[in-house]
Amino acid sequence: MREITYMQALQEAHMEEMKRDENVFLMGIELRNMGSGIGQTAGLYEMFGPDRIFDTPISESGYVGTAVGLALGGVRTIVEVQFADFLSYAFDSIVNQAAKIRYLTDGKANVPLVVRAPQGMGFFFGAQHSQCVEGWFMNTPGLKIAIPSNAYDAKGLLKTAIRDDDPVLFLEHKACIFMKGEVPEEEYTVPFGQAKIVRPGTDVTIVAMQKMVWDSLEAAEELQKEGISVEIIDPRTLVPLDKETIFNSVRKTGRVVVANEAPKRGSISGEISAIITENCFKDLKAPIKRVGAANIPIPFGANEAHVLPNKNDIVAAVKAIV
Amino acid sequence: MKYSNKELLSMYEKMVLSRVYEESVIELLAQGKIQGGAWHLAIGEEAAQVGCLSALGPNDFIEPTFRCHGLLATKMEINKYTAECLCKGTGNLGGKSSIVHISSIEEKILPANGILGAGMPIGVGYAWALKKAKKDGVVVAMTGDGASNEGNFYEAINLAGITEAPIVFFIENNGIGFTNPISNATKAEDLSAKGVAVGIPGVTVDGNDILAVREAVEAAIEKAKDGMPSIVEAKTVRIRPHAEGLSAETRDPKIIEEAKKNDPIKRYEKVLKDLDLLNDDKISEIYGNMKDISLASFEYGFSSPYPSREALCDINLVYKTLGGDLA
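Rules and cut-offs
- Residues numbered from 1 in each chain as written.
- Chains lettered and ligands numbered in written order.
- Predicted model: local features only at pLDDT ≥ 70, side-chain atom pairs only at ≥ 80, totals over all residues.
- Heavy atoms only, no water.
- Pairing = 2+ DSSP bridges.
- Helix = DSSP H or I, 4+ residues; strand = E, 2+ residues; numbered from the N terminus.
- Axes fitted to C-alpha atoms, helices over the stretch in contact; angles between N-to-C directions.
- Contact = heavy atoms within 4.5 Å.
- pLDDT = per-residue confidence, 0-100.
- Buried area = accessible area lost by both parts, 1.4 Å probe.
- Salt bridge = Lys/Arg side-chain N within 4 Å of Asp/Glu carboxyl O.
- Polar contact = N/O pair within 3.5 Å; in protein donor to acceptor, adjacent residues only side chain to side chain.
- Buried < 20%, exposed > 50% of the residue type's maximum accessible area, 1.4 Å probe, protein only.
- Core = buried A, V, L, I, M, F, W, Y, C linked by side-chain atoms within 4.5 Å.
- Lys, Arg positive; Asp, Glu negative; His and termini not counted.

Enquirer: Hey, could you run me through the sheet that holds strand E10 (residues 204–208) of chain A in this one?
Expert: Strand pairing in a sheet takes place through backbone hydrogen bonds and is either antiparallel or parallel in direction. Residues and elements named next belong to chain A. Reading across the sheet, the five strands line up as E9-E11-E10-E13-E14 and stay open at both edges, with mixed pairing between neighbours. With one partner strand each, in any of the chains shown, strand E9 (196–199) and strand E14 (289–293) form the two edges of the open sheet. Neighbour-to-neighbour, the strand axes of this sheet turn through a mean angle of 25°, independent of strand direction. Summarising the sheet, strand E13 (residues 256–263) and E14 pair through four bridges and their orientation is parallel. When the bridges of E14 are listed, Val257 appears paired with Lys289. Contacting E10, E13 and E14, helix H10 (residues 311–321) crosses the sheet at an angle of about 160° to E14.

Right under this line is the structure:
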């Protein structure tokens, strides 16, 4: 099968969905000249023009709010925020507006909106351009959250997100975005709420997200040499969360590591651990271990390595419970 | 006169309904029949509000604030509206939104917002969507003077300018935010001048002159349809405290007394009397009718049940596309 990068996969998903549905509209900063912050929509402005793609001013709160209004008015809108860290400016538009409109209108209205933003490490840009922000949003009913780790899922999940009638926060990952992966030429989508068993194993379950999936695969290779068999599960979407796939794995292994790149305090790894404890307590043979960043802002440049989690942290966490 | 006699009287009736509806709220609160907290009354601001709403054509949308209790009673099916204000299951939104998050898309009322300023960019987006769909309508987005200090207000007027969205920003400047006088909140004299910063026009009118307000908003709607959004500021005075039962009056009583002398309803009565459209008997009759309509709507609300837990926790009302574990 052909291999393309995660970013090319995103570009294809936009292109295919904009061709498929004339009502799909794309807006964000630097879409025309730069093809998005990193290049996720390269070439699309030439293809679809100003009626379908709108370059916004630097105005995240206002333009994401405008995107909410467009979606409320029936325009299937994709809005890009250049770095997920800037979602703080757009937080109200997503959390208090987009996510609540359907409920507050008694189901009479809905908001077909995708908010796309790249998050996480990878660019060495420090505290305000490197964070993983899913935990800021998971406490919000009305929102869906997709977190692809690879090219195949990035394309399939984005297509699902665009077709979804509810607001979806689609968090790309900067350390994964230049990675290549197998992506079929033919049409496909990846449904929300279906986790993927990335690697089967029998001794320990690692629930890993985005770059942590790749670090977990490396850790698993290393641990295999010591006779420890690791099963890796990538949830792919956090809302909805595929609990059953996680539970089935935990029932088999009895040992769990949850690996998430955000600071450990208040991270969604706590939520996933709690769900497992509530449902699989009797199956657990050891305490659940969490891998995450230090509770420290991310320092600039290569210094980030002292704060962010890596393969070695995952290996250590697994060894601590087997 | 630009407007027909019927239209002129209809505007008067709406002002009276708005006033009487809100006076009913005060009475019912005093009687302990309803609870305080979210009743943000606009008594004294009827010319600004009804003048603004009257300017809308049949395809135009209003985005109200939560200080539009009486105004929305003139626009919506009143029994369902009052039931919604009382959080009852028979409310038009099943009791989930009350006044603070009220909307009625089918009656061309976009969601009011509990987050001040947040509705402004949403209004821009909705107006832009109307334009994209080649619909004739505009959005008239209401805000107070207080919320016009929000960053979202500035971002919204800027985005409206560059998108040429058919929208009018209507600032109901009642001179006070909660208990904070406007002089403490901004150096700006005329809030319509905020448009200068982003290259859109603005006009300030006497907000207690209903005809001046209506004409200004009508002109702004015409501009909006031609791709030029603008600001209309109506200067008025809030007579009541910020919210009934929530906050005491902290202003100098003279301010309130002066404002009452400039009562917008009394002013408009004089206009209509001069045109021989109104006399004291007719005025009493209108007040009586509006009181009956208001109280009947509250009776409807009181006799209605609260929504069930099942109705309030229906996941279909949170998400439209189901699939996966969303509850």
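Enquirer: Can you walk me through the confidence of the model for chain B in this structure?
Expert: Mean pLDDT over chain B works out to 97, with 100% of the residues at or above the 70 mark. Predicted complex metrics record ipTM = 0.97 and pTM = 0.98.

Enquirer: Before we go on, may I ask you to explain the interface of chain B and chain A in this structure?
Expert: Reports of interface size often rely on the accessible area that becomes lost once the parts have come together. Counting residues at the interface gives 37 residues for chain B, matched by 40 residues for chain A. When chain B packs against chain A, close to 3400 Å² is buried across both sides, 61% of that on carbon and sulfur atoms. Remark: the boundary between chain B and chain A carries two salt bridges. A:Asp106 is paired through a salt bridge with B:Lys96; the nearest N and O atoms lie 2.5 Å apart. Our count for the contact surface shared by chain B and chain A stands at 19 residue pairs in polar contact (both at pLDDT 80 or more). For the side of chain B that touches chain A, the secondary-structure elements that each account for two or more residues are helix H5 (119–132) and helix H6 (151–163) of chain B.

Enquirer: How do you make sense of the environment of A:Asn303 when you look at a structure like this?
Expert: All names here are of chain A. Along the chain, Asn303 falls in the loop between E14 and H10. Using a relative accessible area of 46% as the deciding quantity, one classes Asn303 as partly exposed. Along the sequence, Asn303 and Gly126 sit 177 residues apart, while their C-alpha atoms lie 8.7 Å from each other. Within the structure, Asn303 has its side chain in polar contact with the backbone oxygen of Phe300 (distance 3.4 Å).

Enquirer: Please explain the sheet that holds strand E7 (residues 230–235) of chain B as it appears in this structure.
Expert: Residues and elements named next belong to chain B. With parallel pairing, five strands are arranged side by side in an open sheet as E1-E2-E3-E7-E6. Among the strands making up the open sheet, the edge pair consists of strand E1 (61–63) and strand E6 (202–206). Across the sheet, the mean angle separating the axes of adjacent strands is 20° when strand polarity is ignored. Bridge analysis of E1 against strand E2 (residues 139–144) gives three bridges, and the strand direction is parallel. Bridged to Phe61 within E2 is Val139.

Enquirer: What is the right way to look at unusual backbone geometry in this model?
Expert: Excluding glycine, residues mostly carry a negative phi; peptide bonds, for their part, are mostly trans. Residue and element names in this part refer to chain A. That bond from Val239 to Pro240 is cis: its omega, 0°, falls within 30 degrees of zero. For Glu30, which is not glycine, the phi torsion reads 60° and is therefore positive. One non-glycine residue, Gln210, lies in the positive phi region at around 55°.

Enquirer: Can you help me understand the nonpolar core in this one?
Expert: The tendency in soluble globular proteins is for nonpolar side chains to be buried as a group. With 118 residues, the main nonpolar core has A:Leu87 and B:Phe169 as its most contacted residues. Top contributing element to this core by residue count: H5(B), with eight residues. Discounting residues that sit within four places of it in the chain, A:Leu87 has contacts with A:Val81, A:Ile94, A:Val115, A:Ala117, A:Val133, A:Phe137, A:Leu169 and A:Leu171. Membership of the second largest hydrophobic core comes to 69 residues, among which are B:Met11, B:Val20, B:Ile43 and B:Tyr268.

Enquirer: Honestly, the side chain of B:Arg238 in this entry has me stumped. Any pointers?
Expert: All names here are of chain B. Following the sequence through the fold, Arg238 ends up in the loop between E7 and helix H9 (253–261). Summary of buried charges: Arg238 has no salt-bridge partner, and the nearest side chain of opposite charge, Glu249, is 4.7 Å away. A distance of 3.0 Å separates the side chain of Arg238 from the backbone oxygen of Phe178, its partner in a polar contact. With residues up to four places along the chain from it excluded, the contact list for Arg238 reads Leu41, Ile43, Glu45, Arg67, Asn174, Ile176, Phe178, Arg251 and Ile256.

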